[in-house]
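# Reading the structure
Here is how the chains run, residue by residue.
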Amino acid sequence: MNPENVQNYTVQERFRTEQKLKSLIRVSQYLSAIVNLNELLEKIVDSAVEVVGAERGFLMLYKGVIEGVDIDSGDKGELVLTVSKNVSKDALSSEAFQTSKAVMDKVLAHGEAVVITDAASDEEFKSRNSVVRYGLRSILCVPLKTKNNQMMGLLYLDNRLVKGLFGVHELDLLTTLALQAGISVENIVLAEKEKAAVRKASEAEVRGKYADMLAEKNKELEKAYDKLKLTQGQLVQSAKMASVGQLATGVAHEINNPTGFMLSNLEMLEKYHGTLQDVFAQYAKIDEFFAKRGDEESRSMSQSLEVLKKKLRMNFILSDLPSLVEESKLGALRIKKIVEDLRTFSHVDEEKRQNSNINEVVDFALNIVWNELKYKVQVVKEYSDLPLFLCYPHEMNQVFVNLLINACQAIEDKGTITIRTYLKDPDVVVEVEDTGCGMGPEVLGRLFEPFFTTKPVGKGTGLGLSVVYGIIKRHKGEISVKSQPGEGSTFTIRLPFQTASA
Ligand SMILES: Nc1ncnc2c1ncn2[C@@H]1O[C@H](COP(=O)(O)OP(=O)(O)OP(=O)(O)O)[C@@H](O)[C@H]1O
Ligand SMILES: [Mg+2]
């Protein structure tokens with residue numbers, strides 16, 4: 001080679017190297033801007049092939065790298081062909097690929113780049129099938145590494161056409177490119193991992209938050225629904241009670257006066273009966289007198305009187321009259337009691353409110369009904385200390401009398417009535433629990449209706465609980481029942497606590 005040629009060659013060579021360097025810088029900038037892993041890998045192979053002017057190229061990565069396993073410490077898995085340029089996947093398993101596989105193994109084993117400038121004269125590779133049969137001339141293979149120098153995979157380039165294409169320059173270029181490529185790949189993999197972790201965490205957080213929120217909303221809904229049901233029930237009950245109350249007031253008013261004069265008339269009749277008895281006693285004496293006289297006229301008068309007395313059953317009438325009057329009086333008294341109940345239910349009679357101790361009011365009611373309770377009921381008192389409470393004491397007394405009598409009547413043989421009193425801010429609460437027969441829904445639904453009773457005629461009028469209801473409402477309180485057939489009943493009364501300053 002003459003000096004001129006040497007000069008030309010050097011200039012050309014430098015120009016080529018400069019061009020390659022320029023394109024390497026461009027590629028490096030380009031690669032660092034890519035954020036998608038697949039796109040990056042494609043670009044790495046494309047750029048490598050372009051920068052060193054290779055015929056074919058491919059990039060192999062450990063499976064773990066692609067799947068985002070921690071490359072520095074985790075299991076990398078097998079090496080897989082990830083991107084290829086002008087190399088079919090089949091070619092990898094073909095014999096033609098033997099040489100490159102051997103080169104690859106060497107790179108993987110030592111973690112360093114391998115360049116074969118002239119494969120045909122390379123002692124180590126010249127006898128390889130691919131060199132002999134496929135005609136490989138130059139091979140360049142560089143490792144792809146993490147910042148911590150861990151193998152991620154490799155970049156392989158080869159050429160059949162030009163002997164001596166890959167030399168030290170190309171090796172340097174490709175090593176620099178691989179360095180940049182490795183960093184870019186690692187960055188994207190880490191970023192993806194981070195994103196996935198954040199996504200997972202926020203998904204879990206959101207899911208957790210929504211689940212909590214949903215559960216809370218469901219609870220709120222359930223509560224609102226229960227409240228609605230209760231309010232609806234109370235509204236229906238109030239409306240029913242209001243119309244029944246009107247009716248009761250009217251009926252009570254209409255019955256009150258006739259019952260009053262019936263009772264006083266019956267009492268008069270009782271007195272008249274006494275007077276009549278005196279008169280008839282006097283008649284009997286006169287009859288005796290005439291009977292003793294013995295004359296015909298007297299005897300016949302006495303006889304006809306006797307016939308008339310017998311015919312009219314005078315003796316029976318006189319003896320039966322007192323019990324008739326007594327029964328009628330009892331009947332009238334019963335009517336009077338019903339009228340009183342109806343008046344209490346419809347708040348006709350006003351009594352004065354007083355500060356009372358509810359425990360004492362309950363005890364007073366217990367005394368009143370004690371005769372009925374004592375043989376079959378054990379009474380358990382669970383009283384709490386209660387402050388004085390502003391109420392209509394006689395009405396409250398009536399409430400507990402009615403509840404206690406019902407509880408007692410519900411107990412067939414022997415049982416227990418438990419009375420609890422306590423403060424549950426802001427209410428005074430009284431519970432009356434019995435171990436009696438309990439109630440099914442058909443009874444529970446009509447419990448507070450006036451005249452609803454399941455008791456035999458004469459035993460219950462069905463007014464007890466409607467009176468209780470009216471009184472509790474008047475105290476702005478609530479009454480509720482828990483009961484099941486055969487499992488006893490608990491009546492709970494809540495009264496908003498109020499007290500009058502002395
Ligand atoms: N503690 C209870 N256990 C079981 N059933 C009850 C209880 N309290 C009330 N009941 C049922 O409710 C019905 C209505 O009760 P309420 O007190 O209004 O009327 P009554 O007891 O039948 O008659 P009255 O109270 O006028 O004598 C009763 O007939 C009974 O069926
Ligand atoms: Mg009753």
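Position numbers for residues start from 1 in each chain and track the written sequence from start to end. The lettering of chains begins at A and the numbering of ligands begins at 1, in the order of writing. Residue-level local features of this predicted model are given only where pLDDT is at least 70; pairs of side-chain atoms are given and counted only at 80 or more, and the full residue set underlies all totals for whole chains, interfaces and linings.

### Side note on the sheet that holds strand 10 (residues 427-434)
Across a sheet, strands are paired by hydrogen bonds formed along the backbone, either parallel or antiparallel in direction. By the convention used here, strands pair only if DSSP detects at least 2 bridges between them. Starting at the N terminus, helices and strands are each numbered in turn, a helix being any DSSP run of H or I of at least four residues and a strand any DSSP run of E of at least two. Reading across from one edge, 7-9-10-12-11 is the order of the five strands in this open sheet, with mixed pairing throughout. Two strands close off the open sheet at either side, each with one partner strand: strand 7 (377-382) and strand 11 (478-483). Taken pair by pair, the neighbouring strands of this sheet meet at an average axis angle of 15°, ignoring direction. Our contact criterion uses C-beta atoms placed from the backbone: two residues qualify when those atoms are within 7 Å. What counts as an axis is a line fitted to C-alpha atoms, over the stretch in contact for a helix, and the angles between N-to-C directions run from 0 to 180 degrees. Running over the sheet, helix 10 (residues 358-373) touches strand 7, strand 9 (415-424) and strand 10 and is turned about 170° from strand 9.

### Some words on the sheet that holds strand 2 (residues 79-85)
Strand order in the open sheet formed by five strands is 2-1-5-4-3, and the pairing between neighbours is antiparallel. Either end of the sheet is taken by a strand with one partner, and the two such strands are strand 2 and strand 3 (114-116). Neighbour-to-neighbour, the strand axes of the sheet open up by a mean angle of 15°, direction not taken into account. Examined bridge by bridge, strand 1 (residues 56-62) and strand 5 (residues 151-159) share six bridges and lie antiparallel to one another. By the bridge assignment for strand 5, Gly57 is matched with Leu157.

### Comments concerning the site of ligand 1
Nearness is defined per residue: the C-beta atom, placed using the backbone, must lie within 6 Å of the molecule or strand. Ala410, Thr453, Gly460, Gly464 and Leu465 are the nearest of the 22 residues found near ligand 1. Those elements that place two or more of their residues in the shell around ligand 1 are helix 11 (393-410) and helix 13 (464-474). Looking at which element gives the most residues to the shell around ligand 1, the answer is helix 11, with four residues.

### Here's the deal with helix 8 (residues 296-311)
How far a helix is expected to stretch is found by multiplying one less than its residue total by 1.5 Å. Compared with the 22 Å implied by 1.5 Å per residue over 16 residues, the 22 Å span of helix 8 between its first and last C-alpha is a close match. Within helix 8, only zero of the 16 residues are buried, which leaves the element largely exposed. Where helix 8 terminates, the next one or two residues include Arg313, which has phi positive at roughly 50°. Exposure classes come from backbone-placed C-beta atoms, where a residue is buried if 20 or more other C-beta atoms lie within 10 Å of its own, exposed if 12 or fewer do, and partly exposed in between.

### Some thoughts on the environment of Val107
Within the secondary structure layout, Val107 lies in helix 5 (residues 98-110). Given 22 C-beta atoms within 10 Å, Val107 falls into the buried group. C-alpha of Val107 to C-alpha of Leu154: the two residues are 47 residues apart in sequence and 7.9 Å apart in space. Excluding residues within four positions of it along the chain, Val107 makes contact with Glu112, Ala113, Val114, Cys141, Pro143 and Leu154.

### Description of unusual backbone geometry
The amide bond that connects Asp425 to the next residue, Pro426, takes the cis arrangement and shows omega of 0°. Position of Pro426 relative to the elements: it lies in the loop between strand 9 and strand 10. You will see that Phe451, though not glycine, has its phi angle at about 70°, which is positive. Within the secondary structure, Phe451 sits in the loop between helix 12 (441-444) and helix 13. Judged by C-beta crowding, with 14 C-beta atoms within 10 Å, Phe451 ranks as partly exposed.

### Remarks on the confidence of the model for the chain
Residue-level confidence of the predictor is what pLDDT reports, using numbers from 0 through 100. The share of residues in the chain with pLDDT of 70 or more is 87%, and the mean pLDDT across the chain is 83. Low pLDDT (under 50) marks residues 1-7, which in the prediction has one contact with non-local residues, meaning those over four places away or in another chain.

### Quick look at the environment of Asp118
Summarising the element assignment, Asp118 is placed in the loop between strand 3 and helix 6 (129-134). The exposure class of Asp118 is partly exposed, given the 16 C-beta atoms found within 10 Å. Through-space distance from the C-alpha of Asp118 to that of Gly167 is 9.5 Å; in sequence the pair is 49 residues apart.

### Concerning the nonpolar core
Here, a nonpolar core means buried Ala, Val, Leu, Ile, Met, Phe, Trp, Tyr and Cys residues linked by C-beta atoms lying within 7 Å of one another. Grouped together as the largest cluster of nonpolar side chains are 48 residues, with contacts concentrated most on Cys141 and Leu155. Of all elements in the fold, only helix 1 (3-33), helix 2 (37-52), strand 1, helix 5, strand 3, strand 4 (138-145), strand 5 and helix 7 (168-293) reach the threshold of two or more residues within this core. In terms of residue count, helix 2 provides more of this core than any other element does, eight residues in total. Beyond its immediate sequence surroundings of up to four residues, Leu155 is in contact with Ile44, Ala48, Leu59, Val142, Leu144, Leu174, Ala178 and Ala181. If you look at the next biggest cluster of nonpolar residues, it comprises 34 residues, including Tyr392, Phe448, Leu465 and Ile471.

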